[in-house]
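Fold and contact review
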Amino acid sequence: MQIVKTVSALQATLKIWRQAGEIIAFVPTMGNLHRGHLQLVQAAKTRANRVVVSIFVNPTQFGVGEDFESYPRTEQEDRQKLHEAATDLLFLPAVTEVYRPDAQTVISVTGVSGRYCGASRPGHFAGVATVVCKLFNIVQPDIAVFGEKDFQQLAVIRAMVRDLNIPVDILSVATVREASGLAMSSRNHYLSAEERNIAASLYKSLCTAQEAILLGGQTYSEIERQALQYLQQAGFQPDYFSICRSQDLQAATPDDSELVILAAAKLGKTRLIDNVSFSLSAAKAPKS
Ligand code: PAF
């Protein structure tokens, strides 16, 4: 695995691969890699000749008082994992390599960025969209791979790619979970042993809500209210629990069939997010 820290070194290698007609897949990350990230690398490998992974803890997507400073940085372990996953190139830029001090441009995806995590973390999605757009321009991949755990982030990136005609195919990969159901996340490291036991209740609340929707008989707002209450009783400080249509993340109505339930809740100091997406038309389809 080649490791490069500068844009020019990265582009020199990419140029050779592109001239050889190779398909390039890109997996942007903030490091502290877990099985979820390695699934993204695996998915990238099945679609491309070359896989580029970036590790960059992006300061612009962290708000004031958030965990930019304490975000886990585990470069040596990450290098080893990527090497074992047969990554072709690891891009490890410094902040100064990505951002000019006099930068004046920010990518703001309106609409889909405004609610849920966007409402609770002002500026977060502008930071994500800006860095992902820059990384796309730097790497110019054919395919870029993202996890479905960050469902709203995925929607923001898809909207940006569509609206700005960025020539990249976005591939999403299902959330990888621990045996308890807890979605893999770098932020799980912040959880105490006791909190870790409680944390799986977030996924449980999503599954319970999904079952209630499939069963029918309750309004979506009743289901959301019960889930918020359940999370509170389990020891979370819930931020939101919203039944949405997956296409645009607007509040779902009974007429919508492609749904995603998005949830975020704090457990002690740790903010966890998760979601389940499903289709009512598949559930209602007559059995053959
Ligand atoms: O999902 C992440 O790890 C980050 O938000 C991303 C997409 C790498 C941008 O910094």
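Residues numbered from 1 in each chain as written. Predicted model: local features only at pLDDT ≥ 70, side-chain atom pairs only at ≥ 80, totals over all residues. Heavy atoms only, no water.

Judged by nonpolar contacts, the single largest core of 48 residues is most densely connected at Leu10, Val52, Phe136, Met160 and Ile170. Only helix H1 (7-19), strand S2 (24-29), strand S4 (89-91), helix H6 (124-139), strand S5 (143-147), helix H7 (151-163), strand S7 (237-245) and strand S8 (258-267) provide two or more residues apiece to this core. Sort the elements by how many residues they give to this core and H6 lands first, with ten residues. Discounting chain neighbours no more than four positions away, the residues touching Phe136 are Phe26, Pro141, Ala144, Phe146, Ile157, Met160, Val161, Ile166, Val168 and Ile170. Formed by 25 residues, the second largest nonpolar core is a distinct cluster that contains Tyr220, Leu231, Phe241 and Leu280. (Core = buried A, V, L, I, M, F, W, Y, C linked by side-chain atoms within 4.5 Å. Buried < 20%, exposed > 50% of the residue type's maximum accessible area, 1.4 Å probe, protein only. Helix = DSSP H or I, 4+ residues; strand = E, 2+ residues; numbered from the N terminus. Contact = heavy atoms within 4.5 Å.)

Now for the side chain of Asn275. Mapped onto the elements of the fold, Asn275 is located in strand S9 (residues 270-279). Engagement of the side chain of Asn275 in a polar contact is seen with the backbone oxygen of Glu148, the distance being 2.9 Å. Each residue touching Asn275, except ones within four places of it in the same chain, is listed here: Glu148, Lys149, Phe151, Arg177, Leu206, Val260, Ile261 and Leu262. (Polar contact = N/O pair within 3.5 Å; in protein donor to acceptor, adjacent residues only side chain to side chain.)

According to the stated counting rule, one finds six aromatic pairs in the structure shown. Of note, Arg73 hangs over the ring of Phe68, and the distance from its end group to the ring centre comes to 4.9 Å. A cation over a ring is seen here: Arg177 above Tyr203, with NZ or CZ 3.6 Å from the ring centre. (Phe/Tyr/Trp six-rings, centres within 6.5 Å; stacked < 30°, edge-to-face > 60°. Lys NZ or Arg CZ within 6 Å of the ring centre and 35° of its normal.)

A few words on the sheet that holds S7. With antiparallel pairing, the three strands of this open sheet are ordered in space as S7-S8-S9. Of all strands in the sheet, those with a lone pairing partner are S7 and S9, marking the two edges. Sheet twist, expressed as the average angle between the axes of neighbouring strands with direction ignored, equals 10°. Pairing of S7 with S8 involves eight bridges; the strand directions are antiparallel. Following the sheet pairing, Ile243 is matched in S8 by Ile261. Those strands touched by helix H9 (residues 201-215) are S7, S8 and S9, and its axis lies near 25° from that of S9. (Pairing = 2+ DSSP bridges. Axes fitted to C-alpha atoms, helices over the stretch in contact; angles between N-to-C directions.)

Attention now goes to the site of the ligand. Around the ligand, the neighbouring residues are Pro28, Thr29, Met30, Asn58, Gln61, Val131, Val132, Phe146, Asp150 and Gln153. Between the ligand and Gln61, the relevant distance is 2.6 Å, taken from an oxygen atom to a side-chain nitrogen or oxygen of the residue. One of the side-chain nitrogen or oxygen atoms of Gln153 is found 2.7 Å away from an oxygen atom of the ligand. For the shell around the ligand, a count of residues per class yields five nonpolar, four polar and one charged. (Near = heavy atom within 4 Å. Nonpolar A, V, L, I, M, F, W, Y, C, P; charged D, E, K, R; others polar.)

To continue, consider the sheet that holds strand S1 (residues 2-4). Spatial ordering of the open sheet is given by S1-S4-S3-S2-S5-S6, a layout of six strands whose pairing is parallel. The sheet is open, and its two edges are formed by S1 and strand S6 (169-173), each paired on a single side. With direction set aside, neighbouring strand axes in the sheet form an average angle of 25°. In the sheet, strand S3 (residues 50-55) pairs with S4 via three bridges, with the strands oriented parallel. Looking at S4, one finds that Val53 is bridged to Leu90. Together, S2, S3, S4, S5 and S6 form the strand contacts of H6, whose direction differs from that of S2 by roughly 150°. The strands that H7 touches are S5 and S6; relative to S6, the one it contacts most, it runs at about 170°.

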